[in-house]
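Residue-level listing of the chains:
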Amino acid sequence: GKLKEYEGWDFSSVVEEAKSQTPFGAPRTDDEAAAEIAEGAKAAAEEKPAAAPAEGLVLKKGEKVKIVGHEKFAGYVGTLEDFDRAAGGFKVKLEPEGNVEVFKPTQ
């Protein structure tokens, strides 16, 4: 299916940039799957007129983050440490305790 809010957007620059990056420098896996996704995105971009790229949120290792919407840790501040693929969330070192918790992103 297609999302109407992205109709007419050109994601080709994002696809090209993604080819050289992995989350938090994680090792690349399955280059064939990445190539298939990139080709699909490229084909989708070619069939729609180009539009100005939208800016998105980019999280970087070492950045300060504030936890919101979590039952136990809402309002805590911490430092982004890594992405835990197995858990599907971000490792955050909480202040001032220093313990590391994993938080899944929300929309």
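Summarised in this report is the structure supplied together with it. (Residues numbered from 1 in each chain as written. Predicted model: local features only at pLDDT ≥ 70, side-chain atom pairs only at ≥ 80, totals over all residues. Heavy atoms only, no water.)

### Re the overall build of the protein
So, step 1. When helices and strands are counted, the protein shows two helices and four strands.
So, step 2. In sequence order, the secondary structure elements of the protein are arranged as α-α-β-β-β-β.
So, step 3. Looking at the protein as a whole, 14% of its 107 residues qualify as buried.
So, step 4. Restricting the contact set of the protein to residue pairs at least 6 apart, pairs at least 24 apart contribute 30%. (Helix = DSSP H or I, 4+ residues; strand = E, 2+ residues; numbered from the N terminus. Buried < 20%, exposed > 50% of the residue type's maximum accessible area, 1.4 Å probe, protein only. Contact = heavy atoms within 4.5 Å.)

### Some thoughts on the layout of surface pockets
So, step 1. Considering only enclosed or pocket space, the second largest pocket measures out at about 410 Å³ in volume.
So, step 2. If you trace the second largest pocket, you find 15 residues lining it, with Lys 66, Phe 103, Lys 104, Pro 105 and Thr 106 closest to the centre.
So, step 3. Of all the secondary-structure elements, those providing two or more residues to the lining of the second largest pocket are strand S1 (64-66) and strand S3 (89-94).
So, step 4. Residues of the lining of the second largest pocket, tallied by class, amount to 10 nonpolar, three polar and two charged. (1 Å grid on protein atoms, 1.4 Å probe; cavity = no way out; pocket = protein on both sides within 12 Å on 5 of 7 lines; lining within 4 Å. Points joined across faces, edges and corners; volume = space filled by probe spheres on them. Nonpolar A, V, L, I, M, F, W, Y, C, P; charged D, E, K, R; others polar.)

### A few points about the pairing of S3
So, step 1. Summarising the sheet, strand S2 (residues 77-84) and S3 pair through six bridges and their orientation is antiparallel. Residue pairing in the sheet places Thr 79 in a bridge with Lys 93 of S3.
So, step 2. Hairpin remark: S2 followed by S3, antiparallel, with four residues in the connecting loop; positive phi at Gly 88, about 70 degrees.
So, step 3. Where S3 hands over to strand S4 (residues 100-103), the hairpin turn is made up of five residues, of which Gly 98 adopts a positive phi near 90 degrees. (Pairing = 2+ DSSP bridges.)

### Quick look at a nonpolar patch on the surface
So, step 1. A contiguous nonpolar patch, built from Tyr 6, Phe 11 and Val 14 and spanning about 260 Å² of accessible area, is present on the exposed surface.
So, step 2. Its location among the elements puts Tyr 6 in the segment before helix H1 (12-18).
So, step 3. For Tyr 6, a relative accessible area of 37% translates into the label partly exposed. (Patch = residues over 30% accessible without salt bridge, like charges linked within 9 Å, V, L, I, M, F, W, Y side chains within 5 Å. Areas by Shrake-Rupley, 256 points an atom, 1.4 Å probe, with all protein chains shown as cover. Salt bridge = Lys/Arg side-chain N within 4 Å of Asp/Glu carboxyl O.)

### Observations regarding the sheet that holds S1
So, step 1. Pairing is antiparallel in the open sheet, where four strands are placed in the order S1-S2-S3-S4. Looking at strand neighbours, the two that pair on one side only are S1 and S4, the edges of this open sheet. Each adjacent strand pair in this sheet contributes to an overall mean axis angle of 50 degrees, direction not counted.
So, step 2. Where S3 lies against S4, four bridges are found, and the strand directions are antiparallel. Directly across from Val 92, in S4, lies its bridge partner Glu 101. (Axes fitted to C-alpha atoms, helices over the stretch in contact; angles between N-to-C directions.)

### Some details on the pattern of salt bridges
So, step 1. Counted under the stated rule, the structure contains one salt bridge.
So, step 2. Measuring nitrogen to oxygen at the nearest pair gives 2.1 Å for the salt bridge that ties Glu 95 to Lys 64. With a gap of 31 residues between them, Glu 95 in the loop between S3 and S4 and Lys 64 in strand S1 connect regions that are remote in the sequence.
So, step 3. With relative accessibility at 32%, the residue Glu 95 sits in the partly exposed group.

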